[in-house]
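Structural overview for review
One letter stands for each residue in the lines below.
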Amino acid sequence: MNLSTNNPPKYAHRFFQWFCRPGLRDSIEGDLMELYNERKKERGKRNADQKFILDVLLLFRPGIVRPLAGIVNLNTNGMYKSYLKIGWRNLLRNKGYSLINIGGLAMGMAVAILIGLWVFDELSFNKYYKNHETIAQVYRSSIFNGEREVNTPLVTGLGTLLKTEYGQHFKNVAMVRSRTEERVIAFGENKFVQAGYFMEAEGADMFSLDMVGGSRSGLKDMKSIFLSESLAKKLFGNHDPINQVVTMDARWDLTVTGVYKDLPKNTTFSDATYFAPLSLYIDGWATLDSWDNYFVNVYVQLYPGGDFEETSKIIKDVMLSHVDAESVETKPEIFLHPMSQWHLNSEFKNGELVTSKRMMSVWYYSAIGIFVLLLACINFMYLSTARSEKRAREIGIRKSIGSLRGQLVQQFFGEAFMVVAISAIVALAAVQLSLPWFNAVSGKNMALPMGSPLFWAIMAGVVLFTALVAGSYPALYLSSFNAVKILKGTFKIGGQGLVPRRILVVVQFTVSIIITIGTIIVYQQIQYAKERPVGYTRDNLIELRASSSEYKGKYQSLRNELKNTGAVEEMAEANYSVTDTRGWNGGFSWHGQKYSQDFNINFVTHEYGQTVGLEFIQGRDFSRAFPGDIYGILINESALDILGLESPIGESLNWSPGGHNQGDYKILGVVKDMVKGSPYLPTDPSIIFLSYRDLSWLYIKIKPTVAPNEALPKIQSVISSLVPSAPFDYTFADEAYAAKFMAEERTGKLATVFSVLAVAISCLGLLGLASFMAGQRTKEIGIRKIMGASVGSLWKMLSKDFVVLVIIACAIAIPFSFYLMHNWLAQYEYKATISWTVFVATGIGALALTLLTVSYQALKAATMDPVKGLRAE
């Protein structure tokens, strides 16, 4: 049949000829062409072409489509069953290799699953809130010292303005106290220090609190409070908490108008155990239209379809017409920062969003997970190819009886899939067992989502991907053997398998060494910051929140009673924690020269310096012997640098915060910098004032000769007798300071575990490979022993190849890891220097571990009876 004269679409026609079974092709093709000619005559060529293409596509179905190229007409199910049976027999026949393969892959997959859970938890942060896609926080950027700084605390006037004059752009606007407030919540004899937030009533709807009692509108009354489900349980047990009255700080009676489900850990406000009205917090000292006190965060919810960037442009300059002239000079601008970015993308540099440390951690762990899984796949690859000689005869026979390369590829992929599937089951069991530990180390609350179809779909994808990666090289390599040479006995496993195996070993150790060096440098950075001089003494120093109003006016009696116990050296009060940086203020001038810099302000009692152990470098501490010290101040070294005074002692500074003149203060002393904020940042410039008004932190220095477990009951007894409404909820200053390293220590601990596993997987593969190579050289070893070779020389012969490979891996890994860690350290202003000893020690460690791993097999081969070896050959 001359098809060219009929002119059907040639690509459709060729496609049909390609896929149609040969036995059906002629008859179907004849019908197709007949139909095509009829349609062409009746409806025209265009219509006939379209119908022809449609007919061809409809014919592409089982029964008509021919088997794939190279696949002969066999019972497919029987063939796959045979593959699985052979694969299973191979697993049982080579138990040692099977254990190494399954163990390595299971370890790699377990690490990948754990890291996957951690990354998912990070990426899903705040998705618990139903309105998370339309919520944003209002940020403020202003110019200080030539740089644009971004801050979140705002004035209440701004929130009120957005509600009243820009309400058409926002579905909800809610102001929330900018930080958690620790308060004593009490009901009867049950009293607990709890962290929570003061929030406007609109916040409950905006953040879609999941109420288990009461309603979301319950915060409209100033004397109301929402409790978390766990706090309600602690206070009321099984009784209904709604409409019950609790006291806060023994000062306010508040009616419980709502109980909400505890917020998950991966949400903003997860630390909140209560929400109280913002009007209660500001009652008597501030209003909702203030423009000079930055103490609230402002959150907005856009209407569906609203655009954050467009709305930001509209409200960008609204502060300019309301703040004072001094603030106008800083050119304040506001913008909306979407909730989806709060957790991972909230770091700014000179007003521009930069990659945050958290986002870097996500990338870092993701890379580790992928690399550890890759290490396990590499193990599988080179162990499978190393054992190729043992399977060469099987491959030769299969090929000689008609097996095509495609079938052999399927067989080896099938075996890889079976091993990976078994490894996945072992990995899931290991993850389930290790999750409690992993949650404790990572500070998460994760669980395997066994009931989620998405999870199982991802697991299936991971198994398939791992099987394809791990099985790819062995399948392509083993299926390429020449059957004729194998059956003639002239086939030799040559350099074509050796070189790739060596490359894989180098890749594996390169990755392991990079991860190990990274882990060591993370720990060095943590240790470096821990050993930084902090400017005060943390030993035996406890701090507790003087949150109850009963503390007022009892300072001296408390101090006397505590010292009378014989366990307390000194006591003092301050308005902020010694391990936290709060209370910034400006408005300082010297001889009319105004300082643009804000200072960290702290108010303390006379004994503060003695209690916390301030280190003086000039002048003196506050003293009760000098009544005029009430107008004295202490400054730290950083503050002195900014003030630029050559002889600061006795100089006077004027302080006029917000334009209100507080007066002149004389500098009494200069103290060493105190590290109160981040230990990785430069010290803040600080000024310390003397005061006895509303100081909310109590400091107690326990005598060094008294054990804390003896001192604490005495201290508790005094506080309970003088301030019965206050719970004895204390913290050791050294523990509070150590908590600053929690994030980095978590990174370090997790990196250590993953690093150990990465090295273990590499060594596991090395052990299997060394065992195989020693077995391959049995005959050579036997002859050498008969010729008089010593055990040492045989050990050297079997080990040197691996040593060379590890040295190459070190040469690649060291410069690469230096580059990576140098960039990682660049995010810290106070950072350790990278020492060459880390690289040398890691290299030596890798070599030692390699020799240790290989030596067992090398010595086993070198000490065996040569006659047995030769007889076996």
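Residues numbered from 1 in each chain as written. Predicted model: local features only at pLDDT ≥ 70, side-chain atom pairs only at ≥ 80, totals over all residues. Heavy atoms only, no water.

1. So, a nonpolar patch on the surface
A cluster of nonpolar side chains, F417, L464 and L468, forms an exposed patch at the surface whose accessible area comes to about 280 Å². Here F417 shows up in helix 14 (residues 405–442). Exposure remark for F417: the relative accessible area of 39% places this residue in the partly exposed category. (Patch = residues over 30% accessible without salt bridge, like charges linked within 9 Å, V, L, I, M, F, W, Y side chains within 5 Å. Areas by Shrake-Rupley, 256 points an atom, 1.4 Å probe, with all protein chains shown as cover. Salt bridge = Lys/Arg side-chain N within 4 Å of Asp/Glu carboxyl O. Helix = DSSP H or I, 4+ residues; strand = E, 2+ residues; numbered from the N terminus. Buried < 20%, exposed > 50% of the residue type's maximum accessible area, 1.4 Å probe, protein only.)

2. Examining the pattern of salt bridges
Using the criterion set out here, one finds 23 salt bridges in the structure. In this structure, the salt-bridge partner of E181 is R183, at a minimum N-O distance of 3.1 Å. Comparing E181 with R183, the two get one shared label, buried. Salt-bridge contacts for R624 lead to E607; the nearest nitrogen and oxygen are separated by 2.7 Å. Here R624, found in the loop between strand 21 (616–619) and strand 22 (632–636), pairs with E607, found in the loop between strand 20 (599–604) and helix 19 (608–612); they are 17 residues apart in sequence, far enough to count as distant. Taking the relative accessible area as the measure of exposure, R624 reaches 45% and is therefore partly exposed.

3. What to know about the confidence of the model for the chain
When the pLDDT values of the chain are averaged, the result is 84; 93% of them are 70 or greater. Within the model, the stretch residues 70–74 combines pLDDT values under 50 with seven contacts to residues more than four positions away or in other chains. (pLDDT = per-residue confidence, 0-100. Contact = heavy atoms within 4.5 Å.)

4. A few points about the packing of aromatic side chains
The full count for this structure, using the stated rule, is 47 aromatic pairs. Ring geometry for W437 against F438: centres 6.3 Å apart, planes inclined by 45 degrees, an arrangement best described as tilted. Residue F438 is classed as buried on the basis of its relative accessible area, which comes to 1%. Here a set of aromatic residues connected by ring pairs shows up, and it is made of Y128, Y129, Y197, F207, Y260, F269, F275, Y299 and W342. Over the aromatic face of F192 sits the side chain of K234, whose NZ or CZ is 4.5 Å from the ring centroid. The cationic tip of K530 hangs over the ring face of F741; the distance from NZ or CZ to the ring centre is 5.9 Å. (Phe/Tyr/Trp six-rings, centres within 6.5 Å; stacked < 30°, edge-to-face > 60°. Lys NZ or Arg CZ within 6 Å of the ring centre and 35° of its normal.)

5. Focus on the nonpolar core
By size, the foremost hydrophobic cluster in this structure holds 84 residues, and its most contacted members are Y551, Y608, I700, I715 and I719. Here this core gets eleven residues from one element, more than from any other, and that element is helix 17 (residues 495–530). Each residue touching I719, except ones within four places of it in the same chain, is listed here: L544, Y551, L558, L698, I700, P724 and F728. Residues V111, V372, V420 and I761 belong to the second largest nonpolar core, which totals 47 residues. (Core = buried A, V, L, I, M, F, W, Y, C linked by side-chain atoms within 4.5 Å.)

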